[in-house]
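# An overview of the molecular structure
Listed below are the residues making up each chain.
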Amino acid sequence: MSGHDGRYAPSPTGPLHLGNLRTALLAWLFARSASSRFLLRIEDLDRGRSRPEHEDGQLRDLAAIGVDWDGEPLRQSQRADRYEEALSQLRALGLVYPCWCTRADLRQAASAPHGELPEGSYPGTCRELSSRQRAERERSGRPAALRVRADAEPVAFADRRLGRVETAVDDLVVRRADGTHAYNLAVVVDDADQGVQEVVRGSDLAETTPRQVWLARRLGLPEPAYAHVPLVLGGDGRRLAKRDGAITLEARLALGERPATVRGALAASVGLCAPGDEPDTAQLIAAFDPDRLPRAAPHVRLPGLVPDASTDPRG
Ligand code: GLU
């Protein structure tokens, strides 16, 4: 697909940190520098952890640093019917089976090697149940998750930054035992329904992308292009967290900074301006070249943040 309509899809489970804000800014720049649409999606499938106040705060922070979007955000919690429809399509292809594995079963399975599949993959325990074993589990009344049979199929995609990525796809969950549709299914259906042509997101999600590509192909949905961008890591090389200092926009503003200062620091960390500059959004769009992002993106430099120049090992 050649267009650049893009999106940002935050989970409203807490405030956005500088790493989330940089990913959002980059996703927005990929789309806007190509004069394309930029869409928002609220990924609130996790009802237990999603909060309206986080959603409000996230939208406010995005707008404050100059990220704007087209139309109303799509809300995953309102789309169960659409995900069920996709599930029926997979069922009709004979790909769906129930899985009763507990967390403990999965932990145990994940520690055992299984052929082609990456570590942590589902080894297919419930795919192999005899009809008697299956009937027993059904009688137990314990709700089952639903998985799809991917048969460790190798799936490759071309990433604009990482190049060709190929992974064997495991039998992924499409609906949890509590009835919640799984992230991978929802994302694929939503990106297609929103007309997203280019997915720009954090490199931590690159390893799950082959699953999404596999699902899109089975569902006959268009495959977006992908660009997985480097995460901002904390001073110790781990994920950015509270221990790294004032990492939210609110905390930065409390230190007396302005949103433009923060936007400038995010932009400087990927070489779009000099440290300390405060370009406006039009200047950023003019400076942005998606093919010239640094391989490894340094730490965001702002006073009070752990200053170590950490880089994402996946570049
Ligand atoms: N909701 C996911 C997150 O906040 C992002 C999913 C995606 O971009 O595909 O990490």
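Above this text sits the structure in question.
Quick caveat: nothing in here was measured; it's all calculated off a predicted structure. (Residues numbered from 1 in each chain as written. Predicted model: local features only at pLDDT ≥ 70, side-chain atom pairs only at ≥ 80, totals over all residues. Heavy atoms only, no water.)

## Looking at helix 2 (residues 52-64)
Across its 13 residues, helix 2 extends 18 Å between first and last C-alpha, which sits within 8% of the 18 Å expected from 1.5 Å per residue. Within the span of helix 2, buried status applies to Glu 55, Gly 57, Gln 58, Leu 59, Asp 61 and Leu 62. Lining the buried residues of helix 2 we find strand 1 (6-8), helix 1 (18-32), strand 2 (38-42), strand 3 (74-75) and helix 8 (249-254). Residue Gly 66 follows helix 2 closely and has a positive phi angle near 100 degrees. (Helix = DSSP H or I, 4+ residues; strand = E, 2+ residues; numbered from the N terminus. Expected span 1.5 Å × (residues − 1). Buried < 20%, exposed > 50% of the residue type's maximum accessible area, 1.4 Å probe, protein only. Contact = heavy atoms within 4.5 Å.)

## Observations concerning the environment of Asp 190
With respect to the helices, strands and loops of the structure, Asp 190 is situated in helix 6 (residues 183-193). As for Asp 190 and Tyr 83, which are separated by 107 residues in sequence, their C-alpha atoms are 8.9 Å apart. If we ignore the near neighbours within four places in the chain, the residues touching Asp 190 are Arg 41, Leu 74, Gln 76, Arg 79 and Tyr 83.

## As for the site of the ligand
By nearness alone, every residue bordering the ligand is listed as Arg 7, Ala 9, Pro 10, Ser 11, Glu 43, Tyr 183, Arg 201 and Leu 205. At a separation of 2.8 Å, a nitrogen atom of the ligand approaches a polar backbone atom of Ala 9. In this structure, Ser 11 approaches the ligand through a side-chain N or O atom, which is 2.9 Å from a nitrogen atom. In terms of residue class, the shell around the ligand is built from 4 nonpolar, 1 polar and 3 charged. (Near = heavy atom within 4 Å. Polar contact = N/O pair within 3.5 Å; in protein donor to acceptor, adjacent residues only side chain to side chain. Nonpolar A, V, L, I, M, F, W, Y, C, P; charged D, E, K, R; others polar.)

## A closer look at the packing of helix 1 against helix 9 (residues 259-268)
Their axes nearest at 10 Å, the elements helix 1 and helix 9 cross at an angle of 75 degrees. Comparing the axis directions of helix 1 and helix 9 gives the class roughly perpendicular. On the side of helix 1, the interface is formed by Leu 18, Leu 21, Arg 22 and Leu 25, while helix 9 contributes Val 262, Arg 263 and Leu 266. In terms of residue class, the contact of helix 1 with helix 9 is built from 5 nonpolar, no polar and 2 charged. (Axes fitted to C-alpha atoms, helices over the stretch in contact; angles between N-to-C directions. Parallel < 35°, antiparallel > 145°, perpendicular 65-115°, else oblique.)

## Description of the pairing of strand 5 (residues 145-148)
Of the two faces of strand 5, both are covered, the one formed by Ala 145 and Arg 147 as well as the one formed by Leu 146 and Val 148. Both strand 4 (residues 96-99) and strand 5 contribute to a ladder of 4 bridges, which runs antiparallel. Bridge pairing in strand 5 places Pro 98 opposite Leu 146. Where strand 5 and strand 8 (residues 173-175) come together, 2 bridges link them in antiparallel fashion. By the bridge assignment, Leu 146 is partnered in strand 8 with Arg 175. (Pairing = 2+ DSSP bridges.)

## Some remarks on the pattern of salt bridges
Pairing between side chains becomes possible if they bear opposite charge and their charged atoms approach one another. A complete count under the given rule lists 27 salt bridges for this structure. Between Arg 218 and Glu 153 there is a salt bridge, and its shortest N-O distance comes to 2.7 Å. One end of the pair, Arg 218, is in helix 7 (residues 209-219); the other, Glu 153, is in strand 6 (residues 153-159), and 65 residues separate them in sequence. For Arg 218, a relative accessible area of 28% translates into the label partly exposed. (Salt bridge = Lys/Arg side-chain N within 4 Å of Asp/Glu carboxyl O.)

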